[in-house]
Amino acid sequence: MTNKIEQLIIATVAFFWAFLMWFSTAAFSPSIGEFYNLSTGQLGLLASSAIWLAPPGRVIAGWASDRLGAHNVFAIILGYSGLVSIASAYASGFWFLSDFQVLFIERMIVASAGISFVVGIQHVAQWFEENEMGTAEGLYAGTGNVGAGVGALLLPRIYGTGFSEAFLHLGIVGVFIAIVYKVRGEPAKDIETAETAKANSGFGDTMFVWTRWAAIALMFAYMMSFGLEIAMNSWLPTYYERGFADQIAGLGFESTAAIQTAAGTFAAVQSFNASLFRPFSGYMSDLWQRKDWTPYPYLSTTQDYSPRVHWLMTALILITLTMVALTAIGVAGLLPASVLVLAFFGITVSFGTGGVFAIVPNMFPDRPGTASGFIGGISTSGGIVFPIIFASGALPSIHWGYAVVGVGIFIPLMLFYAWAMKHEDDPREHGLGSSERWLGGDDAGPAAAGGDD
């Protein structure tokens, strides 16, 4: 026998380790860069490669969770990523591939452990009720996300520049957790809930979700929050190493190992806050829902989950303002102030990530995996694009990328979000093609779009 608390714990522990494996490469980026003599551009490419498999992988994993059960899919992901992490500890070139190219490919595969996020989202949604969804999903995602901060903060301290040994140990534990998830995991609180998700995982159901303006808007919102978070997880160690080199040296950090430790510590500030405050964001979404707070006149106020939509808009505004502040502080060369702003930035990001997935299972309760896979998958492309912009040589300095992304990309995305969420009727009825087209005449309508809300 099992219960929702045990399933939440299993999912959270598994996601914590998946996140730790995902960003373990970034924790050693200075030593990897020195070992292979990489340029700043190559380090930016290495940082972005951690996300390359996430967009299609999450889409597939989300759908598979509805179809096969989250416990099976999560075990598969942790199993293969753990085995490849073990292999990456012994990376060696062959044929036309150099040692670094082999390591690059293997670490890209290991990084696909991050696709497990949407699997856990689906799993938790299948066990908890609507009124506790925000808090439950926030606890799962927030606690799991701490893995990235733990990696940045502790791995360099434990292993120094020995990235191969770290990859070996992380992989072994990953395989063990996969076995536990397979043995103890259950797909849903009852057979009916699991069968409903499986029955609504067809092509028409998938296309219906993918073509809703509201789903696309939530995907953009998650790009602005989680896509940005993982971009920063990958990029920040390099940013602090190269953007504040003189200030870090002035603090007494001069060797590669010391600089790596200092840069990783500063980077962990964002990651820890983005993780630790995510349950709070889920709680705030639940609170706004209970209090029926809808302060923005241009957003819908008539949906049962409308207050959650308004809470998310607040988060997106704060994220954009903080991006501009990071550039201003960086250009001024103020390292202590930069870390303080980064700490607040992590909190605003958590408001966005927690806010999105307090909405998704409530908007698409009959298709939680498909919706989570699409929204949580395509959005991770921000983790590819943003580090490339941050590292662009076309900008005046390494500090300007934050403002460029905030003003040039985030403001248009917020305008689209406001437009997509303005409908006073069911927003799921608006998109490319009607519900009748994708779901058929007998199954169409708001109930088919996501249940009776």
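Residues numbered from 1 in each chain as written. Predicted model: local features only at pLDDT ≥ 70, side-chain atom pairs only at ≥ 80, totals over all residues. Heavy atoms only, no water.

(A) Structural context of the overall build of the chain. When helices and strands are tallied, the chain shows 23 helices and 0 strands. Against the 2.2 N^0.38 benchmark of 22 Å for 453 residues, the chain shows a C-alpha radius of gyration of 21 Å, consistent with a compact globule. Principal-axis analysis of the C-alpha atoms places the extent of the chain at approximately 65 × 45 × 40 Å. Split into buried and exposed, the 453 residues of the chain put 61% on the buried side. When contacts within the chain are restricted to residue pairs at least 6 apart in sequence, long-range pairs at least 24 apart make up 82% of them. Distance from the positive charge centre (19 side chains) to the negative charge centre (32 side chains) of the chain: 1 Å. (Helix = DSSP H or I, 4+ residues; strand = E, 2+ residues; numbered from the N terminus. Rg over C-alpha atoms; globule rule 2.2 N^0.38 Å. Buried < 20%, exposed > 50% of the residue type's maximum accessible area, 1.4 Å probe, protein only. Contact = heavy atoms within 4.5 Å. Lys, Arg positive; Asp, Glu negative; His and termini not counted. Charge placed at Lys NZ, Arg CZ, Asp CG, Glu CD.)

(B) Local environment of the packing of helix α6 (residues 70-88) against helix α8 (residues 116-125). Viewed as axis vectors pointing N to C, α6 and α8 meet at an angle of 160 degrees, and their least axial separation amounts to 9 Å. Here α6 is positioned roughly antiparallel relative to α8, judged by the angle of their axes. The chirality of how α6 crosses α8 is left-handed. Contacts between α6 and α8 involve Ala-70, Val-73, Phe-74 and Ile-77 from the former and Ser-116, Val-119, Gly-120, Gln-122 and His-123 from the latter. Considered class by class, the residues forming the contact of α6 with α8 number 5 nonpolar, 4 polar and no charged. (Axes fitted to C-alpha atoms, helices over the stretch in contact; angles between N-to-C directions. Parallel < 35°, antiparallel > 145°, perpendicular 65-115°, else oblique. Left-handed = near helix turned anticlockwise from the far one by under 90°. Nonpolar A, V, L, I, M, F, W, Y, C, P; charged D, E, K, R; others polar.)

(C) Inspection of helix α16 (residues 278-291) at higher detail. For α16, built from 14 residues, the straight-helix expectation of 20 Å at 1.5 Å per residue is met to within 8% by its first-to-last C-alpha distance of 20 Å. Where α16 is concerned, the buried positions are Arg-278, Pro-279, Ser-281, Gly-282, Met-284, Ser-285, Asp-286, Leu-287 and Trp-288. Asp-292 lies just past α16 and shows a positive phi near 60 degrees. (Expected span 1.5 Å × (residues − 1).)

(D) Region of interest: the environment of Gly-440. Among the secondary structure elements, Gly-440 is positioned in the loop between α22 (435-439) and α23 (446-450). Between the C-alpha atom of Gly-440 and that of Gly-204, which follows or precedes it by 236 residues, the distance is 8.4 Å.

(E) Region of the structure containing the packing of aromatic side chains. Per the counting criterion, the structure on display carries 40 aromatic pairs. Judged by centre distance (5.1 Å) and plane angle (85 degrees), the rings of Phe-117 and Phe-357 are edge-to-face. A residue pair is termed long-range when its members are at least 10 positions apart, and Phe-117 in helix α8 and Phe-357 in helix α18 (residues 335-363) qualify at 240 residues. Across this residue pair, the class does not change: Phe-117 and Phe-357 are buried. Taking 5.4 Å as the distance between ring centres and 25 degrees as the angle between the ring planes, the aromatic pair formed by Tyr-240 and Phe-244 counts as stacked. Its guanidinium or amino end placed over the ring of Phe-167, Arg-107 lies 3.6 Å from that ring's centre, counting from NZ or CZ. (Phe/Tyr/Trp six-rings, centres within 6.5 Å; stacked < 30°, edge-to-face > 60°. Lys NZ or Arg CZ within 6 Å of the ring centre and 35° of its normal.)

(F) Seen up close, the nonpolar core. If you look at the biggest cluster of nonpolar residues, it comprises 130 residues, and the most contacted ones within it are Tyr-140, Leu-228, Tyr-240, Ile-375 and Tyr-417. At 19 residues, helix α13 (residues 213-243) tops the list of elements feeding residues into this core. In this structure Tyr-240 touches Ala-245, Ile-248, Ala-263, Phe-266, Leu-335, Ser-338, Val-339 and Leu-342, once residues within four positions along its chain are discounted. One finds Met-284, Leu-287, Ile-347 and Phe-351 within the second-largest nonpolar core, a separate group that totals 7 residues. (Core = buried A, V, L, I, M, F, W, Y, C linked by side-chain atoms within 4.5 Å.)

Coordinates in, geometry out; function isn't part of it.
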